[in-house]
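Listed below are the residues making up each chain.
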Amino acid sequence: MKQVKKAVLAYSGGLDTSVIIPWLKENYGCEVVAVAVDVGQGEELSGLIEKAKNTGAIECFIEDLRHEFVNDYVFPTLQAGAVYEGQYLLGTSFARPVIAKRIVDIALREGADAIAHGCTGKGNDQVRFELAIKAFAPHMTIIAPWREWELKSREDEIAYAEARNIPLPITRETNYSKDKNLWHLSHEGLDLEDPSGEPMYDKILELGVTPEQAPDKPTYLTLGFEKGIPVSLDGVEMDGVALIEALNKVGGANGIGIVDLVENRLVGMKSRGVYETPGGAILYRAHAALETLTLDKETSHQKEQLAVRFAELVYNGQWFTPLRKALSAFVTETQKYVTGTVRVKLYKGNIILAGITSPCSLYSETLASFGESDYNQFDAEGFINLFGLPSRMAALLGREP
C-alpha cells in the first residue's frame with residue numbers, strides 16, 4: 001500500500017463508510033478526515049460528527065450544498081430533459097460531482113495526500129467520484145477500499161463493524177443499499193436482486209405511498225417556470241430546494257415517481273433497483289409540457305436527441321467534461337423562451353396535464369382551429385407537390401417505393 005499520512009473520506013455514516021474509517025487507520029496508519037456533503041439526506045446527517053470521531057476520524061465536516069446541488073446540477077439536467085434509458089431521472093448520478101468537488105476542496109485545504117470513498121468495484125459511483133477528483137486534483141491518491149480489502153459482501157462489513165463495536169444504521173434484515181438526496185431515494189440489494197419478483201413496496205418506500213394507497217381524490221398543482229427553471233408552486237415563489245421538498249411531499253402522497261428499473265451500469269452489468277423521485281417526476285412532466293408550447297419543431301427534435309447523450313454523460317460521471325459543458329450551452333439557448341405555467345393533476349401515480357400557458361407560446365388557436373381562419377388551405381397543394389417530388393420522380397422512372 002502507498003504511504004499515506006492523511007486521507008479525506010467521502011462520509012455518509014452508512015455501512016460502507018462507517019467501516020472504512022477504522023479500516024483506513026488499521027491498514028494505512030493514516031489520519032482520517034470525514035466529510036459529509038449535505039445534498040438533502042435529512043435525518044441521515046444527524047449525529048454524524050460524533051459518530052465519525054468515535055470511530056477514529058480526527059475531524060468531520062458537514063457541508064451544506066443543497067442549493068448548489070439544485071441550481072448547478074439538478075436544474076441544468078432538468079432543462080436538458082435528460083433521462084437515462086427512458087426512466088431513470090439521474091438522482092444519484094448528478095449528486096456525485098458536487099460531492100466529489102467539495103471533497104477535493106477540503107482535501108487540498110487540509111493538506112491531505114489521499115481521498116477515500118466507499119464505492120464498490122461493481123458500481124457506477126466509483127467512476128463518478130474518481131473522474132471528478134481527477135478533474136480537480138489529478139495527482140491526488142485515491143483509495144477505494146472495496147477494491148483492496150478482503151471483505152466480500154455487506155454481511156462481511158456488518159461482521160467487521162460488530163467486532164469493533166461500530167454502530168450501524170441497518171441490520172442484516174434491512175440491509176438494502178440506499179442513496180438518498182433532495183431529488184430521490186434509491187433502493188438496491190436483498191430481494192430486489194431478483195428481477196422476477198415484485199418489490200415489497202410497503203417495506204421499502206420512504207418518500208411516499210403506492211398508487212393503490214394514494215387518495216381517491218386528485219390533487220391539482222400549478223408550476224411556474226422562467227427560462228426552463230421552476231420558480232413557483234401554486235403562485236407562490238420558491239427557491240429550488242423548497243420547491244423540490246414541497247413537490248416530494250405532495251407527489252409522494254399521491255404515489256408519484258416510483259420506478260422499478262433494470263438498468264445497464266457503466267461497468268457492463270445490469271442491475272435492478274427501485275427509485276423514488278416524486279418531485280422530480282412532476283417537474284420533468286411539467287417542463288416537457290411547457291416546451292411543447294414554446295420550442296419550435298427543429299429545436300425540439302434536436303434537443304430530444306441530445307438529451308439522450310446528456311443523460312449518458314451524467315450517468316457515466318462525465319459532468320466535468322468539455323462535451324457536457326458544450327451541451328449545456330446548447331440547452332441554455334433553447335430555454336430562453338421556456339417561460340410560463342403548467343397545471344397538472346396528480347392521481348394515483350399518474351401525472352395528468354391540465355393546462356399550459358406561456359407569454360412565449362408558438363401555438364396559435366386561430367391558425368390551428370378547425371373553424372374559419374386566415375390559413376389558406378390551397379397553399380397545401382403546392383407544398384405537397386414539392387415535398388413529394390422525389391417520390392413522384394422515382395415512380396415516374398419505374399422504381400419501387
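Check the entry above for the structure.
Residues numbered from 1 in each chain as written. Predicted model: local features only at pLDDT ≥ 70, side-chain atom pairs only at ≥ 80, totals over all residues. Heavy atoms only, no water.

Draft legend 1. Seen up close, the overall build of the protein. Secondary structure assignment for the protein yields 14 helices and 14 strands. When its C-alpha atoms are laid out on the principal axes, the protein stretches across 85 × 55 × 40 Å. Scored against the burial criterion, the 401 residues of the protein give a buried share of 48%. A sequence separation of at least 24 residues applies to 72% of the contacts in the protein between residues at least 6 apart. The average position of the 40 basic charges and that of the 55 acidic charges among the side chains of the protein differ by 4 Å. (Helix = DSSP H or I, 4+ residues; strand = E, 2+ residues; numbered from the N terminus. Buried < 20%, exposed > 50% of the residue type's maximum accessible area, 1.4 Å probe, protein only. Contact = heavy atoms within 4.5 Å. Lys, Arg positive; Asp, Glu negative; His and termini not counted. Charge placed at Lys NZ, Arg CZ, Asp CG, Glu CD.)

Draft legend 2. Focus on the packing of helix 3 (residues 66-80) against helix 10 (residues 297-315). Running from N to C, helix 3 and helix 10 point in directions that differ by 145 degrees, and their axes come no closer than 9 Å. Residues Pro76, Thr77, Gln79 and Ala80 of helix 3 pack against Lys303, Ala307, Phe310 and Val314 of helix 10. In the contact of helix 3 with helix 10, the residues fall into 5 nonpolar, 2 polar and 1 charged. (Axes fitted to C-alpha atoms, helices over the stretch in contact; angles between N-to-C directions. Nonpolar A, V, L, I, M, F, W, Y, C, P; charged D, E, K, R; others polar.)

Draft legend 3. Representation of the nonpolar core in the model. By size, the foremost hydrophobic cluster in this structure holds 74 residues, and its most contacted members are Phe69, Leu90, Trp183, Leu223, Leu247, Ile282 and Leu283. Looking at this core, the element that brings in the most residues is helix 4 (residues 95-109), giving 8 residues. Among all residues touching Ile282, those that are not within four sequence positions of it are Leu221, Leu223, Leu247, Gly251, Ile256, Val344, Leu346 and Ile351. Listed in part, the 30 residues of the second largest apolar core include Leu9, Leu15, Val32 and Leu45. (Core = buried A, V, L, I, M, F, W, Y, C linked by side-chain atoms within 4.5 Å.)

Draft legend 4. Molecular detail of the pattern of salt bridges. Under the criterion given, the structure shown has 18 salt bridges. Taking the shortest distance from any N to any O, the salt bridge between Asp38 and Arg66 comes out at 3.8 Å. Taken together, the positions of Asp38 in strand 2 (residues 31-38) and Arg66 in helix 3 put the pair 28 residues apart, joining distant regions of the chain. Here Asp38 falls in the buried class, since its relative accessible area comes to 12%. Among the ionic pairs, Arg265 bridges to Glu188, the shortest N-O distance being 3.7 Å. Of this pair, Arg265 sits in the loop between strand 11 (258-264) and strand 12 (270-276) while Glu188 sits in strand 7 (residues 185-188), and the two are 77 residues apart along the sequence. Residue classification places Arg265 among the buried residues on the basis of a relative accessible area of 18%. Within this structure, Arg96, Asp125, Arg128 and Asp179 form a network of salt bridges that share partners. (Salt bridge = Lys/Arg side-chain N within 4 Å of Asp/Glu carboxyl O.)

Draft legend 5. Representation of the sheet that holds strand 6 (residues 177-180) within the structure. Within the open sheet, the 4 strands sit side by side as 6-7-12-11. Their pairing is antiparallel. Single-partner strands in this sheet number two, and they are strand 6 and strand 11. Going across the sheet, the axis of each strand differs from the next one's by a mean of 25 degrees, ignoring polarity. Taken together, the 7 bridges between strand 11 and strand 12 define a ladder with antiparallel strand orientation. If you follow Ile258 over to strand 12, its bridge partner there is Glu276. (Pairing = 2+ DSSP bridges.)

Draft legend 6. Up close: the pairing of strand 8 (residues 219-226). In terms of strand pairing, strand 8 meets strand 13 (residues 340-347) through 7 bridges, oriented antiparallel. By the bridge assignment for strand 13, Leu223 is matched with Val342. The antiparallel pairing of strand 8 with strand 9 (residues 229-233) creates a hairpin that spans 2 residues between the two strands, and Lys227 there sits at a positive phi of about 50 degrees.

Draft legend 7. Highlighting the environment of Gly56. Within the element layout of this structure, Gly56 appears in the loop between helix 2 (48-54) and strand 3 (59-64). For Gly56, a relative accessible area of 18% corresponds to the buried category. Note: C-alpha distance between Gly56 and Ile21 (35 residues apart in sequence) is 6.2 Å.

Draft legend 8. Expanded view of unusual backbone geometry. Despite not being glycine, Asn165 has its phi angle at roughly 60 degrees, a positive value. With respect to the helices and strands, Asn165 occurs in the loop between helix 6 (154-163) and strand 6. You can call Asn165 exposed: its relative accessible area is 69%. If you check the backbone angles, Lys348 has positive phi at about 45 degrees while not being a glycine. When you line up the elements, Lys348 lands in the loop between strand 13 and strand 14 (350-357).

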